[in-house]
Amino acid sequence: MAKTLFDRVWERHVVREEPGEPALIYIDLHLLHEVTSPQAYEGLRLAGRKLRRPDRSIATMDHNVPTDGGPVTDPLAKAQLDALAANCPAFGVPLYATGSGREGIVHVIGPELGLTRPGITIVCGDSHTSTHGAFGALAFGIGTSEVEHVMATQCLQQRRPKTMRMHFEGTLPPGITAKDCILGAIGQIGVAGGAGHVIEYTGDAIEAFTMEQRMTVCNMSIEAGARAGMIAPDNTTFAYLENRPASPQGAEWEAALDEWRQLRTDDGAEFANEVVVNVDDLVPQVTWGTNPGMVAPVTANVPDPADITDDEERQSLERALEYMGLEAGMAVRDIQIDRVFIGSCTNSRIEDLRAAASVVKGHKVSDGVHAMVVPGSVPIKLQAESEGLDKLFTDAGFEWREAGCSMCLGMNPDILQPGERSASTSNRNFEGRQGRGGRTHLVSPEMAAAAAVAGHFVDVRELSYEPVG
Amino acid sequence: MEAFTRTTGRVAVIDRPDIDTDQVIPKQFLKRIERTGWGEFLFWDWRLDQDGNPRPDFELNNPAFADAKILMAGRNFGCGSSREHAPWAIQGYGFDVVIAPSFADIFRSNCMKVGLVPVELPGEHVRALMDAVDTENGSEMTVDLEALTITGADGSTVEFEFDAFRRNCILNGLDDIDLTLEHEAAITEYERANPSRIDTLALEH
């Protein structure tokens, strides 16, 4: 029977399956960070259990860490980081702590190290674990009880999710990014459109994307409500992984390639759902509301509740506009911003930084705008510095920060003040996400950079700039 | 997990769709490393103003919803972050059950693990139940996981469906890890048959 990519990966990981029960599936790689692990470690300790496979686990410090290079001054944040630093060695788990030179956002360092690879199962106590699906892995976020379950058993009890194919049809116009594709797709299917499903992304645009662009797409699968997102591995995937620190070498690499080449969806394989997203006429996207599905082309206007007939939808829209401090029907381009954040597991990789740097080169951040760049990992920061990107940013008036999750969720000191408005390359524009009362607009790195210079949203396609890096 | 069979108590209604876990438990509280004591932070930014005073316009501050045990909300409840702190906070505030037309996947899974019962009902049934709630004097309801029924104050009953395996786990307060460890032999056999090329310990760190 014709199989999907998901079917292949899932079936290979079933340890046990009984009618009426969830399947027991094996987890190849468990990623850990300071926020969702302390209670799980404590649970193991209280039950007198061991962590079964430290060799399949890896931890880093990302959510709480300050990005100004200073010490952790928040006592709660410090206690949480200290707990990770004590728990990892106690249970044998390797930890990339602050100062190790390898630390960074958990979803950035997994691929960077070559631990993320095709056909494996990856979990982490973080919803953006979907990022790793870009390599043809089955990767999804879990809660702390499940973190403890994986620590103790290296398995999870899971009902088999449904499958959805999201086909990006057409040719991506110049100046349109992976971020615009996924924001446009979420706008089309809604924030619950993928619920219960694992999405496989297909189409010429996906095949032409680099691994970093594919990660941006898969990262936001969760914002469409999906359990995970996946892309079939191909030569782009293999080239990215070759010679990474954890990648197989020599004969093992060749054997891995043979295996990975089998990881695709057969012709005629059936998906529970099929969605087509046409990208021919895609325009740079800007979210205007309080969830990622509230998104519009930069050339459009903020929607008007008066145009909406459905009561629930209209009330949501009214609430969102009130929170966001926007007028119904105003042009997206007229939205003035206070802050710019370039970073997060969605858009903090080297290509993202190059793209943003290209736009800011030779320009200045607009008066009154505070802009910062937070690389996804220490290696990315060093790479960017070796290319002189940091100089382009600082010359323009951006702050150049240390690696971490930073203002994506504001668990560290990088937060919006009440009423402040940001152009952000992150993944969530929920109320208060970047700081209580803060107003977040999600955009691509290029669009964020352009907004920093103009002080309001602009259509990046109208600017002329040369690629750098 | 504590066993749960049924609850009878007041109902609170937050009739909004797409309530994300950033609202349920804002990030500034996620730095705590304890497993308990989360209830006081529930819906913090919606419940309290900048000075820490209750916001009268927020549903949970309605005196008719005080001490409620059953929370009703709009579709796609619990979307966004995987933080299990969200069900911890809902439970900690005093709720045993959440009723909604749909839940986000990770949130539902987290609820099951901690014994907060997520009851999914067709949208029109949720609407009818919400409309029947007296928002001035409060209303009671009974949610029975054993019988799979919701009984309103007027005695009317609605049936609901629930994953049979998870229902058994919650009714009996079973520990998921214990259940999985009963299959230790199968896990070991899987590991023997599927050697991995992944070894995080072999990396320099």
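Residue indices follow the written sequence of each chain, beginning from 1 at its first position. Labels follow written order: the first chain is A, the first ligand is 1, and so on. Only residues with pLDDT of 70 or above have their local features reported here, since the model is predicted, and side-chain atom pairs are shown and tallied only from 80 upward, although totals for entire chains, interfaces and linings are computed over all residues.

K.L.:
Kindly report on the overall build of chain B, identifying the contributing residues and their values.
P.N.:
Helix and strand assignments follow DSSP, with helices taken as H or I runs no shorter than four residues and strands as E runs no shorter than two, numbered in order from the N terminus. Each helix and strand counted, chain B has eight helices and seven strands in total. When its C-alpha atoms are laid out on the principal axes, chain B stretches across 60 × 45 × 25 Å. Note on burial: count the other C-beta atoms lying within 10 Å of the residue's C-beta; 20 or more is buried, 12 or fewer is exposed, in between is partly exposed, and C-beta positions come from the backbone. Going through the 205 residues of chain B one by one, you find that 42% of them count as buried.

K.L.:
Just give me the short version of the overall build of chain A, but keep the residues and values in it.
P.N.:
Along chain A, the regular secondary structure elements total 15 helices and 19 strands. Taken over the C-alpha trace, chain A has a radius of gyration of 21 Å; the compact-globule value for 469 residues is 23 Å, and the two agree within 12%. Within chain A, the proportion of its 469 residues that are buried is 61%. In this description, a residue-residue contact is defined by the distance between C-beta atoms placed from the backbone, which must lie within 7 Å. Counting contacts in chain A only where the partners sit at least 6 residues apart, residues at least 24 apart contribute 77% of the total. For the radius of gyration, the atoms used are the C-alpha atoms, and the globule rule reads 2.2 Å times the number of residues raised to 0.38.

K.L.:
Go over the sheet that holds strand 6 (residues 121–124) of chain A with me, naming the residues and quoting the values.
P.N.:
Residues and elements named next belong to chain A. One requirement defines pairing of two strands: DSSP has to find at least two bridges between them. Spatial strand order, 5-4-3-6-7: five strands in an open sheet with parallel pairing. The open sheet has two edge strands with one neighbour each: strand 5 (95–96) and strand 7 (138–141). Bridge count between strand 3 (residues 29–32) and strand 6: three bridges; the pairing is parallel. By the bridge assignment for strand 6, L29 is matched with I122.

K.L.:
Describe in detail unusual backbone geometry, supporting the description with residues and values.
P.N.:
Here the phi dihedral of N243 of chain A falls at roughly 65°; this positive angle occurs in a residue that is not glycine. Note on placement: N243 of chain A falls in the loop between helix 9 (235–241) and helix 10 (250–260). The phi dihedral of F43 of chain B falls on the positive side, at around 45°, and the residue is not glycine. Note on placement: F43 of chain B falls in the loop between helix 1 (21–24) and helix 2 (44–47).

K.L.:
Residue-level account of the environment of I231 of chain A, with values.
P.N.:
Residues and elements named next belong to chain A. Within the fold, I231 resides in the loop between strand 11 (228–230) and helix 9. Separated by 220 residues in sequence, I231 and A451 have C-alpha atoms that sit 31 Å apart. Filtering out sequence-adjacent residues up to four positions away, I231 remains in contact with G133, A134, G136, Y201, I206, R214 and C218.

K.L.:
I'd like a rundown of the environment of I142 of chain A, residues and numbers included.
P.N.:
Inspection of the secondary structure assignment puts I142 of chain A in the loop between strand 7 and helix 5 (144–153). Sequence separation between I142 of chain A and R227 of chain A is 85 residues, and the spatial gap between their C-alpha atoms is 9.9 Å. If near-sequence neighbours (up to four positions away) are discounted, I142 of chain A is found in contact with V123, G125 and V147 of chain A together with S82 and I106 of chain B.

K.L.:
Residues and numbers for the interface of chain B and chain A, please.
P.N.:
Listed by partner, the interface residues are 47 residues for chain B and 70 residues for chain A. Contributions of two or more residues to the side of chain B that touches chain A are made by helix 1, helix 4 (105–114), helix 6 (164–172), helix 7 (176–181) and helix 8 (184–193) of chain B. Under the scheme applied here, ten amino acids are nonpolar (Ala, Val, Leu, Ile, Met, Phe, Trp, Tyr, Cys and Pro), four are charged (Asp, Glu, Lys and Arg), and all others, including Gly, are polar. Partitioned by chemical class, the residues of the side of chain B that touches chain A number 18 nonpolar, 13 polar and 16 charged.

K.L.:
I'd like a rundown of the nonpolar core, residues and numbers included.
P.N.:
In this structure, V360 of chain A together with V98 of chain B are the most contacted members of the largest nonpolar core, which totals 204 residues. Among residues more than four places away in sequence, those in contact with V360 of chain A are L392, F393, A396, F398, A449, A452 and V453 of chain A. In these notes, a nonpolar core means any group of buried Ala, Val, Leu, Ile, Met, Phe, Trp, Tyr and Cys residues linked to one another through C-beta atoms within 7 Å.

K.L.:
Mind laying out helix 15 (residues 445–454) of chain A, listing which residues take part and the relevant values?
P.N.:
All names here are of chain A. Across the ten residues that make up helix 15, a large majority, nine, are buried. Where helix 15 is concerned, the buried positions are P445, E446, M447, A448, A449, A450, A451, A452 and V453. On its buried side, helix 15 packs onto strand 13 (285–287), strand 15 (339–342), helix 12 (350–360), strand 16 (370–373) and strand 18 (421–424). Backbone geometry just after helix 15 places G455 at a positive phi near 85°.

K.L.:
Explain helix 6 of chain B residue by residue, including any values.
P.N.:
Residue and element names in this part refer to chain B. Of the residues making up helix 6, those classed as buried are R166, C169 and I170. Projected down its long axis, helix 6 carries its buried residues within an arc of 95°, all on one side. Residues of helix 6 that are exposed and point over 90 degrees away from its buried face: A164 and N172. Just beyond helix 6, the residue with positive phi is G173, at close to 60°. The arc in question is formed by the directions pointing from the helix axis toward the C-beta atoms.

K.L.:
Explain the pairing of strand 5 (residues 140–144) of chain B to me, and be specific about the residues and the numbers.
P.N.:
Residues and elements named next belong to chain B. Going residue by residue along strand 5, you find M141 and V143 tucked away on one face and E140, T142 and D144 left uncovered on the opposite face. Sheet analysis places strand 1 (residues 6–14) next to strand 5, joined by five bridges and oriented antiparallel. Along strand 5, the bridge assignment pairs R6 with D144. With antiparallel pairing between neighbouring strands as the criterion, strand 5 and strand 6 (residues 149–152) make up a hairpin whose turn holds four residues, including L148 at a positive phi of roughly 60°.

K.L.:
Would you mind going over the confidence of the model for chain B in detail, with residue names and values included?
P.N.:
pLDDT expresses, on a scale from 0 to 100, how confident the predictor is about each individual residue. Residues at a pLDDT of 70 or more form 100% of chain B, whose mean pLDDT is 96. Under the prediction, the complex receives an ipTM of 0.97, its pTM being 0.98.

K.L.:
So what's going on with the sheet that holds strand 2 (residues 23–26) of chain A? Which residues, and what values?
P.N.:
All names here are of chain A. Strand order in the open sheet formed by three strands is 1-2-8, and the pairing between neighbours is antiparallel. Two strands close off the open sheet at either side, each with one partner strand: strand 1 (14–16) and strand 8 (155–158). Across the sheet, the mean angle from the axis of one strand to that of its neighbour is 40°, orientation sign disregarded. When strand 2 meets strand 8, the two strands line up antiparallel, connected through four bridges. From the neighbouring strand, L24 faces strand 8, where its bridge partner is Q157. All axes here are fitted lines through C-alpha atoms, helices being fitted over the stretch that makes contact, and every angle between N-to-C directions spans 0 to 180 degrees.

K.L.:
Break down the environment of V117 of chain B for me, citing the residues and quoting the values.
P.N.:
Residues and elements named next belong to chain B. Among the structural elements, V117 can be located in strand 4 (residues 117–120). Residue classification places V117 among the buried positions, given that 22 C-beta atoms sit within 10 Å. Along the backbone, V117 and R10 are 107 residues apart, and their C-alpha atoms lie at a distance of 15 Å. The residues contacting V117, other than those within four sequence positions of it, are F4, D96, V97, V143, L145 and I170.

K.L.:
An account of the pairing of strand 3 (residues 97–100) of chain B is requested, with residue identities and associated values reported.
P.N.:
Residues and elements named next belong to chain B. A two-sided burial pattern is seen for strand 3, the buried positions comprising V97 and I99 on one face and V98 and A100 on the other. By convention a crossover is right-handed if, when the strands point away from the viewer, the path from the first strand over the helix to the second runs clockwise. For the handedness criterion, the β-α-β arrangement of strand 2 (residues 70–73), helix 3 (residues 85–93) and strand 3 is classed as right-handed. With four bridges joining them, strand 3 and strand 4 adopt parallel strand pairing. For V98, the partnering residue across the bridge sits in strand 4 and is P118. Remark: the strand 3/helix 4/strand 4 crossover connection has right-handed handedness.

K.L.:
Requested: an account of the packing of helix 6 (residues 178–189) of chain A against helix 8 (residues 211–219) of chain A, with residues and values cited.
P.N.:
Residue and element names in this part refer to chain A. Following both chains from N to C, one finds helix 6 and helix 8 inclined at 20°, their axes separated by 8 Å at the closest point. The pairing of helix 6 with helix 8 is recorded here as roughly parallel in orientation. Taken as a pair, helix 6 and helix 8 cross one another with a handedness that is right-handed. Facing helix 6, whose interface residues are A178, K179, C181 and I182, helix 8 presents Q213, T216 and V217. Here roughly perpendicular refers to angles of 65 to 115 degrees, roughly parallel to angles under 35, roughly antiparallel to angles over 145, and oblique to all remaining angles. Handedness of a crossing is defined here by the sense of rotation of the near helix relative to the far one, left-handed for an anticlockwise turn of less than a right angle and right-handed for a clockwise turn.

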